[in-house]
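Coordinates in review
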Amino acid sequence: MASNSFGKLLTVTTFGESHGPAIGCVIDGCPPGLVITTEEFRHDLERRATGRSRYTSQRHEADEVEILSGVYEGKTTGTPITLLIRNTDPRSKDYGEIMQTFRPGHADYTYWQKYGIRDPRGGGRSSARETTVRVAAGVVAKKWLAVHYGVQVRGYLAQMGVIAPDAFDWSAVEQNPFFWPHAAQVPALEDYIKKLRKSGDSVGARVNVVADGVPPGWGEPIYGKLDGDLAGALMSINAVKGVEIGDGFSAVTQHGSEHRDEMSLDGFTSNHAGGILGGISSGQPVTASIALKPTSSILIPGHSVNLAGEPVDVVTKGRHDPCVGIRATPIAEAMMALVLMDHALRHRAQCGDVGPVAPRIA
Ligand code: EPS
């Protein structure tokens, strides 16, 4: 299967299926000397993992990272870093019925049409299980960005169905299993998901991700724009159907006088652009937002066809997420961090001698 790699100077290749023996990734291009231990992967992997709260899939994966290469005596060596995570809790019998049919709204059908063969166990390669190793790779990128540039990448759940945050507080985000920025609303979210689960349906979500501390200059015209690469990377996350950078689609109804970010010697006075102008970072926070669809693996019967070419009704049982957006925050952070690290290295390679240029306002 082609196109399992992304990035230019920092490349990440992922491999593995949801119910295979393991999933993993190879990170190539990470500079030598970055201190990294298996322990450091735990936090973000736990944030993304299934079975850690009552509101997500109840598959209980250990999600333990094994570093197979590229790290010696706790430091990256500059050679490919291979990370392996063994699948410890697949339950392939849940997929007995799906093997004969296609879930409406799922990649079951398109994989079949493309390859003429599929691994239906847990959705095989199309499973959100693959995002585990993106998050693991993102741990390396987040650390490198923090150590070398003081960049911090963080996200939050910005909408679940019709529910949007009433208030915003970064310190609330990590205190609840939804990554929700307003603590007082968490009981309402819990109630909403419990009812949704009972109804057998699923719901969509929005996740926002922000990188603070990105210096001006990252991103390349014309085909290597930072926003273009970010959009591609975020769109590659399972279930993502929309990506916005900065104000995104709100720009449609704005006037130029409103959208432009005016400049003063104290900095920009707003950030409608999402920290990117002409595909290059401006020094403002880089902001992106993703729309995640409601998952197709639901208990509400839906019309489909089977392999014998007959009409059937499909009901998907098993351990599924009523809202994949709940676990998507660390995945979006990882993809943003990986794109930023790739562009940091690309900027350093071509323009490392340029240095800060006056006036620098952000
Ligand atoms: C998924 C279906 C479920 C989730 C899985 C993603 O897998 P299974 O049916 O095998 O229990 O648990 O998510 C993960 C395993 C994970 O680590 O994110 C799907 O259809 O995408």
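Going along each chain's sequence as written, the residues are numbered from 1 onward. Under the rules for a predicted model, residues below a pLDDT of 70 receive no local features and side-chain atom pairs below 80 are neither given nor counted, while totals for whole chains, interfaces and linings still include all residues. The basis for every side-chain value is the complete set of heavy atoms in the structure, and neither hydrogens nor water enter the calculation.

Concerning the environment of I290
- With respect to the helices and strands, the residue I290 is situated in strand β15 (residues 286-292).
- Overall, the relative accessible area of 1% leaves I290 in the buried class.
- For the pair I290 and G242, spaced 48 residues apart in the sequence, the C-alpha separation amounts to 5.6 Å.
- The contact criterion used throughout is that any non-hydrogen atoms of two residues lie within 4.5 Å. Discounting residues that sit within four places of it in the chain, I290 has contacts with A205, R206, V207, L234, I237, V240, G242, V243 and A332. Each helix corresponds to a stretch of at least 4 residues labelled H or I by DSSP, and each strand to a stretch of at least 2 residues labelled E; elements are numbered beginning at the N terminus. The rule is simple: take the accessible area with a 1.4 Å probe, protein chains only, and divide by the maximum for that residue type; under 20% is buried, over 50% is exposed, in between is partly exposed.

Considering helix α8 (residues 329-351)
- Taking 1.5 Å as the rise per residue, α8 with 23 residues should run 33 Å; its terminal C-alpha atoms sit 32 Å apart, in good agreement.
- Most of α8 sits out of view: 18 of its 23 residues are buried. How far a helix is expected to stretch is found by multiplying one less than its residue total by 1.5 Å.

Regarding the side chain of D44
- Within the fold, D44 resides in helix α1 (residues 42-48).
- Taking relative accessible area as the criterion, D44 reaches 8% and is therefore assigned buried.
- For the purposes of these results, a polar contact is taken to be a pair of N or O atoms within 3.5 Å, where, inside protein, one atom must be able to donate a hydrogen and its partner to accept one; residues adjacent in sequence count only when each atom of the pair is a side-chain atom. Among the polar contacts listed, one links the side chain of D44 to the side chain of R47, at a separation of 2.7 Å.
- Looking at D44, its side chain comes within polar contact range of the side chain of K142, at 2.8 Å.

Details of the pairing of strand β2 (residues 11-16)
- Burial along β2 is one-sided: V12, T14 and G16 are buried, while T11, T13 and F15, pointing the other way, are not.
- Two strands are said to pair when DSSP picks up at least two bridges between them. Note: strand β1 (residues 5-6) against β2, 2 bridges, orientation antiparallel. When the bridges of β2 are listed, F6 appears paired with V12.
- In textbook terms, the turn of a hairpin is the stretch between consecutive antiparallel strands, and for β1 and β2 this stretch comprises 4 residues, one of which, G7, has a positive phi near 95 degrees.

Quick notes on the pairing of strand β9 (residues 205-212)
- Of all the 8 residues making up β9, 6 are buried; the element is thus mostly covered by neighbouring parts of the structure.
- Relative to β9, strand β8 (residues 152-160) is paired through 8 bridges, and the arrangement is antiparallel. The residue of β9 that forms the bridge with M160 is A205.
- Pairing geometry for β9 and β15, over 7 bridges, is antiparallel. Each bridged residue has a counterpart across the sheet, and for N208 the counterpart in β15 is S289.

Brief notes about the sheet that holds strand β7 (residues 81-86)
- Taken together, 5 strands build an open sheet; the order of strands is β1-β2-β3-β7-β4 and the sheet is antiparallel. Strand pairing shows two members of the sheet lacking a second neighbour, β1 and β4 (65-69), which therefore form its edges.
- The sheet contact formed by β4 and β7 spans 4 bridges and is antiparallel. Bridging from a neighbouring strand, S69 pairs with T82 of β7.
- In this fold helix α3 (residues 131-149) packs onto β2, β3 (22-28), β4 and β7, with an angle of close to 35 degrees to the strand it touches most, β3. Each axis is a line fitted through C-alpha atoms, taken for helices only over the stretch in contact, and angles between the N-to-C directions span 0 to 180 degrees.

Concerning the site of the ligand
- Lining the immediate surroundings of the ligand are 13 residues, of which H19, R48, S57, R59 and Y95 lie closest.
- In the complex, 94% of the free accessible area of the ligand, which totals 460 Å², lies under the protein chains. If a single non-hydrogen atom of a residue is within 4 Å of a molecule or strand, that residue counts as near it. The Shrake-Rupley method, run with a 1.4 Å probe sphere, supplies the accessible areas, and residue values consider only the shown protein chains as cover.

Some remarks on the packing of aromatic side chains
- Here a pair means two rings of Phe, Tyr or Trp (six-membered ring of Trp) with centres within 6.5 Å. Their orientation is stacked below 30 degrees between planes, edge-to-face above 60, and tilted elsewhere. Scanning the entire structure with this criterion turns up 9 aromatic pairs.
- Between Y149 and W218 the ring centres are 4.9 Å apart and the planes differ by 85 degrees, which places this aromatic pair in the edge-to-face class. Pair noted here: Y149 is in helix α3 and W218 is in the loop between β9 and α6 (226-235), with a separation of 69 residues, a long-range link.
- Take W218: its relative accessible area is 1%, and that puts it in the buried class.
- Three or more aromatic residues link up through ring pairs in this structure, and these residues are F102, Y109 and W112.
- For a Lys NZ or an Arg CZ to count as sitting over a ring, it must be within 6 Å of the ring centre and within 35 degrees of the ring normal. Positioned above the aromatic ring of Y115 is the side chain of K114, whose terminal nitrogen or guanidinium carbon lies 5.7 Å from the ring centre.
- Against the face of W170 rests R154, its NZ or CZ located 4.1 Å from the ring centre.

Details of unusual backbone geometry
- The step from P221 to I222 runs through a cis peptide bond, and the omega angle for that step is -5 degrees.
- Counting through the fold element by element, I222 comes out in the loop between β9 and α6.
- Cis rather than trans, the peptide bond between A358 and P359 has omega equal to -5 degrees.
- One can find P359 in the segment after α8.
- Even without being glycine, S3 reaches a positive phi, approximately 60 degrees.
- Looking at S3, the relative accessible area reads 74%, which means it is exposed.

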